[in-house]
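Now for the letters of each chain:
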2 protein chains.
Amino acid sequence: MSEIRHALPIRRDDDFAQWYQEVITAADLAEESGVRGCMVIKPWGYGIWERMQQLLDRRIKDTGHDNCYFPLLIPLSNFEREAEHVDGFAKEMAVVTHHRLIASDKGGLVPDPEARLEEPLVIRPTSETIFGDAMSRWIQSWRDLPLKLNQWANVMRWEMRTRMFLRTSEFLWQEGHTAHADTESAREHTLRMLEVYRAFAEEQLALPVIAGEKPENERFPGALETWSIEAMMQDGKALQAGTSHYLGTSFAEAANIRFQNKEGQQELAHTTSWGVSTRLIGGVIMTHGDDDGLRVPPAIAPVQVVILPMLRGNDGDAALIEYCEELRDAICKQDALREPVRVRLDLKPGKPAPKRWGWVRKGVPVIIEVGGRDLEQGKVTLLRRDQLWGEDAKPAFHGPSRLDCVAEISGLLEDIQDALYDEALARRENAIARDINTFEELTAFFRSEARYPGWVEVQWARPTGEELDAVVEKLKGLKLTFRNVPVNAVPAEGACIFTGRPAVERIYVARAY
Amino acid sequence: MSEIRHALPIRRDDDFAQWYQEVITAADLAEESGVRGCMVIKPWGYGIWERMQQLLDRRIKDTGHDNCYFPLLIPLSNFEREAEHVDGFAKEMAVVTHHRLIASDKGGLVPDPEARLEEPLVIRPTSETIFGDAMSRWIQSWRDLPLKLNQWANVMRWEMRTRMFLRTSEFLWQEGHTAHADTESAREHTLRMLEVYRAFAEEQLALPVIAGEKPENERFPGALETWSIEAMMQDGKALQAGTSHYLGTSFAEAANIRFQNKEGQQELAHTTSWGVSTRLIGGVIMTHGDDDGLRVPPAIAPVQVVILPMLRGNDGDAALIEYCEELRDAICKQDALREPVRVRLDLKPGKPAPKRWGWVRKGVPVIIEVGGRDLEQGKVTLLRRDQLWGEDAKPAFHGPSRLDCVAEISGLLEDIQDALYDEALARRENAIARDINTFEELTAFFRSEARYPGWVEVQWARPTGEELDAVVEKLKGLKLTFRNVPVNAVPAEGACIFTGRPAVERIYVARAY
Ligand SMILES: [Zn+2]
Ligand SMILES: [Zn+2]
């Protein structure tokens, strides 16, 4: 049997990290910018982000949030107010100290010493403190609550070791900030937004995720509770794909967010915050990519169907193009996943085969090629990106009639969306061990021969403080971290594998990005 | 005859600048953030920006551009390459010099002296240089041209005197950057994007604009040609609402953007750039606002129709709400201006009259109130924001049947869109003098008693260099500036009012923001 000749020079099994970089290059998603730790998000990568934004923005608005925009620069003093928050964030941030450049003696430009800022400004690593300032102005009475805000913005955390999409100094994200009258309403909202993220990840990104609470040591600086969705990458590592925080009243206290309650007394508000970022693109790559490049789930594909006429530079081309234009116009009119199908007729110069493989690497869900013979027979030649290879190790072309192709395109795209999700879910479930009952078994599991061991779900007694720290250190020795305590777990029934005490819940342990 | 009791405490005629600030507050558009020169864009203001983005983004994509995202921070050395560009921009920019904070002796936080950057980074004031770097990597041959990119981003120019939306240190914008094989293609594209801006401003923002070329002294730093759209505000001043630049090959030379032409030789690309910003919101306020607050053109109104049930806190409320929900659902299904009508049923607590005036100040195009009597008679009570007052100095309520209201809503919104445009156009044309033939007449015109003298269109000989500088200085003495040389002017036929030589074209002179 012949070997498949894959479209990438590196396979996942060869070197997963290098393969990841290769997909980013081959699918034309992003590249290094020359500015330390910052990337250029190229049109195909940014197009995927725009799709994510559209779909998630709708969900955020449907849950009653308004978008707004807050300043990029935050006064240093804001960070000095909430003690735990400072400890967590104060370290690596970009600091603006001057507001003017002047010519230097050597002919270049330097910051003007005369234009030093009295108070340095920090490029936002996150915006709790500056939203808090506004909330303290905007909230007077219980009638103003809940206040539900969101912004789409760039943020910056100075990172020493960066990796495109996964950890970059500047990244794009959405950050929601809400204020509530009491714990119950704020916690309920924290979980509601966690559920919004779960549904968005699973239904639109085709990323199966585990929603749950992070243990104490993994909380957002200053939060009382941090919840996350965790996705398994194809190398078995976990990726935290979104977080939702219940912040209690400590941020409200720092920013003085008070309201008059129904009894006429002043109370502190309870706040939440939650965010997802361009990191999700990294998650999509490492979940759906294969040895031929990226596979983009149809719901977030900037182009869902590409039509490639097999032009020959002769008289026949005009008829071929006309046939393809009619096909495009017919497909345009179809809806899939509750939106009009996004189709592109690719007439760029270039030979058909390289163009096909370019689209394969980009991961467009459906490629339709049309040659002279298709035209004669009223057919098309169709390739599903998620089922690229036939048993003969050749591309698995299908040959429906043009009419069938149009009629079936909607079902086909929905089928691909489901297939990508099902594939990822099956892989994850296959890689989660739920029968680990001792720390020795856990150690053995992660030291096993299996290159990508996956995750384990264990029972624990939810230790806190120093006891937890000791466990975290022990896991660190194995390069492991706690992921989260799943929302929908089977109740605990055994002993804590770390302390031996009766377990109170289950928690995931994994290597992670 | 009784006096109208307007919804704002300050009228345009009292103090236009104060009135402007008052509209921003009363319509809940934005506020000072506490960070120098930076504003918080509140939900209603940001909602208008989101609508602008959607509509303009479609036009930018329809003209073949891809969106992408480039780093916020630009190395200082990038600004040292293009000499004229540096001169124009190098002065007031936010400079990042450190990447870490540490605790100070006094307990606060300070930039860590150990974490000083080797090369300072500048927060982008505009991104020509960093797009240029990428273009030099992405462009190899004539086949890669034209390359048409756009990004939506925040930018920062340190401003000493700021004014919300019009001049803020940080602002939001869209910046397009393209590279072409020759002058012709690049100039054609510069003008094409100018036309995109004109159509967007006139058709969607209902802002009549003059499209034309800026004189030499008003060019973007480093550009060969700068074109603009100019709108007249209600105080007769001009607002530059968008610009499109033909950059020639100087940016290509600085960034080394070269391509192999069809003959196999290396050539420099010709580049363009063009942008509009949140400044447009200031333009919408000063064009469409009135003494009752903002009036938002329906095409960019986040909510086009608001339904206010006159709740009484009694048994009748349930039926009233049901009636209003049915009305909302029926209006939702209508299309206006080629999109589904955006309707909101406002059930927030509060008395009907203050709620109505809140929406009047925000400028929602149509307010529908529903009381018990409307319910009984199958009617609604409707208020057009653009025709708020009747001859009796009372709000001009209309009382169509519910069915007529639904059937006519689409036409009504389109009518309001047109009416706002027509009103602004008539005001502008009335305030442009085209019969000024000498500099003395020009001086007299702007020294006249008329509080808001408007613009003059004069004929000139297009002086350059020092001769132009002298004219510019002379105008400056009258607080006047050249706006642009209109694209569609009547040919010149007389003498230049500045030099006395034969005129070659017409140019607008005005006070400006
Ligand atoms: Zn088949
Ligand atoms: Zn009437």
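Residues numbered from 1 in each chain as written. Chains lettered and ligands numbered in written order. Predicted model: local features only at pLDDT ≥ 70, side-chain atom pairs only at ≥ 80, totals over all residues. Heavy atoms only, no water.

Quick look at the overall build of chain A
Looking only at helices and strands, one finds 14 helices and 27 strands in chain A. Relative to the 2.2 N^0.38 estimate, which gives 24 Å for 513 residues, the radius of gyration of chain A is 26 Å and therefore close to what a compact globule would have. In terms of overall dimensions, chain A has a C-alpha envelope of 80 × 65 × 55 Å along the principal axes. Burial statistics for chain A: of 513 residues in total, 59% are counted as buried. Accessible surface, chain A: about 21,100 Å² in total, of which carbon and sulfur atoms supply 47%. (Helix = DSSP H or I, 4+ residues; strand = E, 2+ residues; numbered from the N terminus. Rg over C-alpha atoms; globule rule 2.2 N^0.38 Å. Buried < 20%, exposed > 50% of the residue type's maximum accessible area, 1.4 Å probe, protein only. Areas by Shrake-Rupley, 256 points an atom, 1.4 Å probe, with all protein chains shown as cover.)

Details of the sheet that holds strand S25 (residues 481-482) of chain A
Residues and elements named next belong to chain A. With mixed pairing, four strands are arranged side by side in an open sheet as S23-S24-S27-S25. Edge positions in the sheet fall to strand S23 (432-433) and S25, since each has one partner strand and no second. Pairing of S23 with strand S24 (residues 455-460), which is carried by two bridges, proceeds in the parallel orientation. Paired with Ile432 across the two strands is Trp455, which belongs to S24. (Pairing = 2+ DSSP bridges.)

So, the side chain of Glu50 of chain A
Inspection of the secondary structure puts Glu50 of chain A in helix H2 (residues 43-62). Residue classification places Glu50 of chain A among the buried residues on the basis of a relative accessible area of 16%. Contact partners of Glu50 of chain A, with chain neighbours within four places excluded, come to Asp57, Lys61 and Asn67 of chain B. (Contact = heavy atoms within 4.5 Å.)

A closer look at the pairing of S24 of chain A
All names here are of chain A. Burial runs high along S24: six of the six residues are buried. A two-sided burial pattern is seen for S24, the buried positions comprising Trp455, Glu457 and Gln459 on one face and Val456, Val458 and Trp460 on the other. The β-α-β motif built from S23, the intervening helix H13 (residues 439-446) and the parallel element S24 has right-handed crossover chirality. Pairing geometry for S24 and strand S27 (residues 505-510), over five bridges, is antiparallel. Of the residues in S27, the one forming a bridge with Gln459 is Arg506. (Right-handed = clockwise from strand over helix to strand, strands pointing away.)

Focus: the interface of chain B and chain A
At the junction of the two partners, chain B supplies 59 residues and chain A supplies 59 residues. For the pairing of chain B and chain A, the buried interface totals around 5,100 Å² over both sides, and the portion due to carbon and sulfur atoms is 65%. When the area that chain B buries against chain A is broken down by residue, the three leading residues are Tyr69, Leu101 and Leu109 of chain B, summing to 13%. Counting across the chain B and chain A interface gives six salt bridges. In this assembly, chain B and chain A are joined by 32 residue pairs in polar contact (both at pLDDT 80 or more). As defined by bridge partners, strand S5 (residues 95-98) of chain A adjoins strand S5 (residues 95-98) of chain B across three bridges and the pair is classed as antiparallel. Each bridged residue has a counterpart across the sheet, and for Val96 of chain A the counterpart in S5 of chain B is Val96 of chain B. (Buried area = accessible area lost by both parts, 1.4 Å probe. Salt bridge = Lys/Arg side-chain N within 4 Å of Asp/Glu carboxyl O. Polar contact = N/O pair within 3.5 Å; in protein donor to acceptor, adjacent residues only side chain to side chain.)

Let's talk about the domain arrangement of chain A
All names here are of chain A. Domain annotation of chain A identifies domain 1 (16-75 + 124-288), domain 2 (299-428) and domain 3 (434-510). Its C-alpha centre places domain 1 at a distance of 35 Å from the equivalent point of domain 2. Contacts between the two partners involve 25 residues from domain 1, matched on the other side by 18 residues from domain 2. Roughly 1,900 Å² of surface becomes buried between domain 1 and domain 2 when both sides are summed, with 63% attributable to carbon and sulfur atoms. Of all residues in domain 1, Trp44, Arg51 and Pro208 give up the largest surface area on contact with domain 2, accounting jointly for 37% of the area buried on that side. At the boundary of domain 1 with domain 2, the tally comes to two salt bridges. Its salt-bridge partner being Glu339, residue Arg51 comes within 2.6 Å of it at the nearest N-O pair. Applying the counting criterion to the domain 1 and domain 2 interface returns seven residue pairs in polar contact (both at pLDDT 80 or more). Of all the secondary structure elements, the ones that give two or more residues to the side of domain 1 that touches domain 2 are H2, helix H6 (183-203), strand S11 (209-213) and helix H8 (279-288). Taken together, the residues that form the side of domain 1 that touches domain 2 break down as 14 nonpolar, six polar and five charged. (Domains from an automatic or database assignment. Nonpolar A, V, L, I, M, F, W, Y, C, P; charged D, E, K, R; others polar.)

Some thoughts on helix H5 (residues 128-138) of chain B
The buried fraction of H5 of chain B amounts to nine of the 11 residues, a majority that puts the element mostly inside the structure. Looking only at H5 of chain B, the buried set comprises Glu128, Thr129, Ile130, Phe131, Gly132, Asp133, Ala134, Met135 and Trp138 of chain B.

Let's talk about the confidence of the model for chain A
For chain A, per-residue confidence averages 95 on the pLDDT scale, and residues scoring 70 or more make up 98% of the total. For this predicted complex, the interface confidence score (ipTM) comes to 0.96, while the overall pTM stands at 0.96. (pLDDT = per-residue confidence, 0-100.)

Quick word on the relation of the copies chain B and chain A
After a rotation of 180 degrees and a shift along the axis of 0.0 Å, chain B superposes on chain A with an RMSD of 0.0 Å. Both copies of the chain, as the preceding transformation shows, are related through a two-fold rotation axis. No C-alpha of chain B lies nearer the rotation axis than that of Val96 of chain B, which sits 2.1 Å from it. The overlap is high: 100% of the interface residues of chain B also sit at the interface in chain A, so the same surface is used on both sides. (Least-squares fit on C-alpha atoms with pLDDT ≥ 70 in both.)

Side note on the pattern of salt bridges
Within the structure shown, the criterion is met by 70 salt bridges over all chains. As a salt-bridge pair, Glu31 of chain B and Arg137 of chain A come within 2.6 Å of each other at their nearest N and O atoms. With Glu31 of chain B in strand S1 (residues 30-32) and Arg137 of chain A in helix H5 (residues 128-138), this residue pair bridges two chains. Taking relative accessible area as the criterion, Glu31 of chain B reaches 16% and is therefore assigned buried. The exposure class of Arg137 of chain A is partly exposed, given its relative accessible area of 35%. Close ionic contact of Arg328 of chain B with Asp329 of chain B constitutes a salt bridge, the shortest N to O distance being 3.1 Å. Among the residues examined, Asp329 of chain B registers a relative accessible area of 35% and is labelled partly exposed. Salt bridges here are not isolated pairs; linked through shared partners, they connect Asp28, Glu31, Lys42 and Lys362 of chain A together with Arg137 of chain B.

Points about the nonpolar core
Core analysis: the largest hydrophobic core is formed by 144 residues, its most contacted members being Ile123 of chain A together with Ile123 and Phe165 of chain B. Broken down by element, the residue count for this core peaks at eight residues, all from helix H2 (residues 43-62) of chain B. Ignoring any residue separated from it by four or fewer positions in sequence, one finds Ile123 of chain A in contact with Leu72, Leu73, Ala94, Val96 and Met156 of chain A together with Leu72, Leu73, Val96 and Ile123 of chain B. Counting 69 residues, the second-largest nonpolar core is a separate cluster that includes Ile10, Ala26, Met39 and Val360 of chain A. (Core = buried A, V, L, I, M, F, W, Y, C linked by side-chain atoms within 4.5 Å.)

Some points on unusual backbone geometry
Omega for the bond connecting Leu145 of chain A with Pro146 of chain A falls within 30 degrees of zero, at -10 degrees, which places this linkage in the cis form. Mapped onto the fold, Pro146 of chain A is located in the loop between H5 and strand S9 (147-156). In the Ramachandran plot, Lys479 of chain B falls in the positive-phi region, its phi being about 60 degrees despite a non-glycine side chain. Here Lys479 of chain B lies in the loop between helix H14 (465-477) and strand S25 (481-482). Residue Lys479 of chain B is classed as exposed on the basis of its relative accessible area, which comes to 66%.

Considerations on the pairing of strand S16 (residues 270-277) of chain A
All names here are of chain A. Counted residue by residue, S16 has eight buried out of eight residues, so it is predominantly covered. Sheet analysis places strand S10 (residues 170-180) next to S16, joined by eight bridges and oriented antiparallel. Counterpart to Gln174 in the pairing with S16 is Val276. With four bridges connecting them, strand S13 (residues 238-246) and S16 associate as antiparallel partners.

Brief notes about helix H1 (residues 16-26) of chain B
Residue and element names in this part refer to chain B. Listed in full, the buried residues belonging to H1 are Phe16, Trp19, Tyr20, Val23, Ile24 and Ala26. Looking at the packing, one finds that the buried side of H1 touches S1, helix H8 (279-288) and helix H10 (352-362). The distance from a side-chain oxygen at the start of H1 to the backbone nitrogen of Ala17 is 3.2 Å, and the residue carrying that oxygen is Asp15. Directly after H1, the chain includes Asp28, whose backbone phi takes a positive value near 60 degrees.

Points about the packing of aromatic side chains
Residues and elements named next belong to chain A. Here the structure, examined in full by the defined rule, presents 30 aromatic pairs over all chains. When the ring of Trp44 is compared with that of Trp359, the centres are 5.8 Å apart and the planes differ by 80 degrees; the resulting orientation is edge-to-face. With Trp44 in helix H2 and Trp359 in helix H10 (residues 352-362), the pair connects residues that are 315 residues apart, well separated along the chain. For the pair shown, Trp44 and Trp359 are each scored as buried. Where Phe482 meets Phe498, the ring centres are 5.4 Å apart and the plane angle is 85 degrees; that geometry is what we call edge-to-face. On the criterion of sequence distance, the pair formed by Phe482 in strand S25 and Phe498 in the loop between strand S26 (485-486) and S27 is long-range, its members being 16 residues apart. Take Phe482 and Phe498: they sit in the same class, and that class is buried. Through a chain of ring-to-ring contacts, the aromatic side chains of Phe439, Trp460, Phe482 and Phe498 assemble into a single cluster. Of note, Lys237 hangs over the ring of Tyr513, and the distance from its end group to the ring centre comes to 4.7 Å. Lying across the ring of Trp142, Lys262 places its NZ or CZ 4.5 Å from the centre. (Phe/Tyr/Trp six-rings, centres within 6.5 Å; stacked < 30°, edge-to-face > 60°. Lys NZ or Arg CZ within 6 Å of the ring centre and 35° of its normal.)

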